[in-house]
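# Chain and residue survey
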Amino acid sequence: MKNLVKSILVIGLGTALFSSCVLGRTAKEDSSARSITVSGSGSISVKPDIISIKFLVKNTGWVCPQVVERNAINTTNTINAIKEAGIAEEDISTYDYSITQDNSHSYAGEYTICNTISVIIRNTELTGKVIDAAVRNGIGANGVTSFECIVSDKSTALREARTLAIKNAQDAASLLAGASGCKVKGVLEIREDYTSSGRGNPMVFRSNSTGGTQTPIIEGNVTITSNVTVKYELTN
């Protein structure tokens, strides 16, 4: 029995010493760990291959059914003109439709009918032609409410932007670490977000309803930007 108790005491003491060593080593490693967190950015400009436009067809009047009918005719004229300009039917859709009445006076006001038509242009050279066709002769759309340049495949450009962003972060970390007498050992954490901006160059809108000069459109470039925040481990 005494030998059994002695064996248990020895095993227990050994376990306690082992645990103490492990805990002590972890605490020491944690206390000596050093890191640096930096930001990096990379941007790539790409020519857009799709234009998204939203046309507004708007009519106002005192008799609601009459205004609805007039708006329907103008909307049909707009859609037909857009098709004739070279846009496929599947790239034309109704984005929004509303019927409202002016209640800002003590009496019932006029009705306003708004129909917003969304158009996807896959041949950007047709953009000016489509705009002119949609608003021609005052029997179609009243104006453009949205104009967006789109890159259909952003994956290649985003990959390049991410590579530039990481390199930018690595350069910053190496410079700061070297200036403080350290070296970059490895990556501990990476966070990333990206943005896409299609307003790099000015776009010109000059709607011509008389059938003269075609509306010139300069779509510019879409800029895809990757922003990263990287935490690096440092060593001597």
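Structure: above.
Now for a look at the structure at hand. Keep in mind the model is a prediction, meaning the values are calculated, not measured. (Residues numbered from 1 in each chain as written. Predicted model: local features only at pLDDT ≥ 70, side-chain atom pairs only at ≥ 80, totals over all residues. Heavy atoms only, no water.)

## Concerning the overall build of the protein
- A tally of regular secondary structure across the protein gives four helices and seven strands.
- Along the chain direction, N to C, the helices and strands of the protein fall in the order α-β-β-α-β-β-α-β-α-β-β.
- Relative to its 236 residues, the protein shows a buried fraction of 31%.
- Partitioning the contacts of the protein with sequence separation of at least 6, the portion at a separation of at least 24 is 80%.
- For the protein, the accessible surface area stands at approximately 14400 Å², while carbon and sulfur atoms represent 53% of it. (Helix = DSSP H or I, 4+ residues; strand = E, 2+ residues; numbered from the N terminus. Buried < 20%, exposed > 50% of the residue type's maximum accessible area, 1.4 Å probe, protein only. Contact = heavy atoms within 4.5 Å. Areas by Shrake-Rupley, 256 points an atom, 1.4 Å probe, with all protein chains shown as cover.)

## Quick notes on the sheet that holds strand 2 (residues 50-61)
- Reading across the sheet, the four strands line up as 3-4-2-5 and stay open at both edges, with antiparallel pairing between neighbours. In this open sheet, the two edge strands, each paired with only one partner strand, are strand 3 (92-101) and strand 5 (143-150). When strand polarity is set aside, the average angle formed by the axes of neighbouring strands in this sheet is 15 degrees.
- Lying on the sheet, helix 2 (residues 64-84) is in contact with strand 2, strand 3 and strand 4 (111-121); it crosses strand 2 at an angle near 155 degrees.
- The strands touched by helix 3 (residues 127-135) are strand 2, strand 4 and strand 5; relative to strand 2, the strand with the most contacts, the crossing angle is about 10 degrees. (Pairing = 2+ DSSP bridges. Axes fitted to C-alpha atoms, helices over the stretch in contact; angles between N-to-C directions.)

## So, the packing of aromatic side chains
- Counted according to the given criterion, the structure contains zero aromatic pairs.
- Lying across the ring of Tyr95, Lys54 places its NZ or CZ 4.6 Å from the centre. (Phe/Tyr/Trp six-rings, centres within 6.5 Å; stacked < 30°, edge-to-face > 60°. Lys NZ or Arg CZ within 6 Å of the ring centre and 35° of its normal.)

## What to know about the pairing of strand 2
- Of all twelve residues making up strand 2, nine are buried, and the element is well covered by its neighbours.
- Sheet topology places strand 2 next to strand 4; eleven bridges connect them, and they run antiparallel. When the sheet's bridge partners are listed, Ser52 is paired in strand 4 with Ile120.

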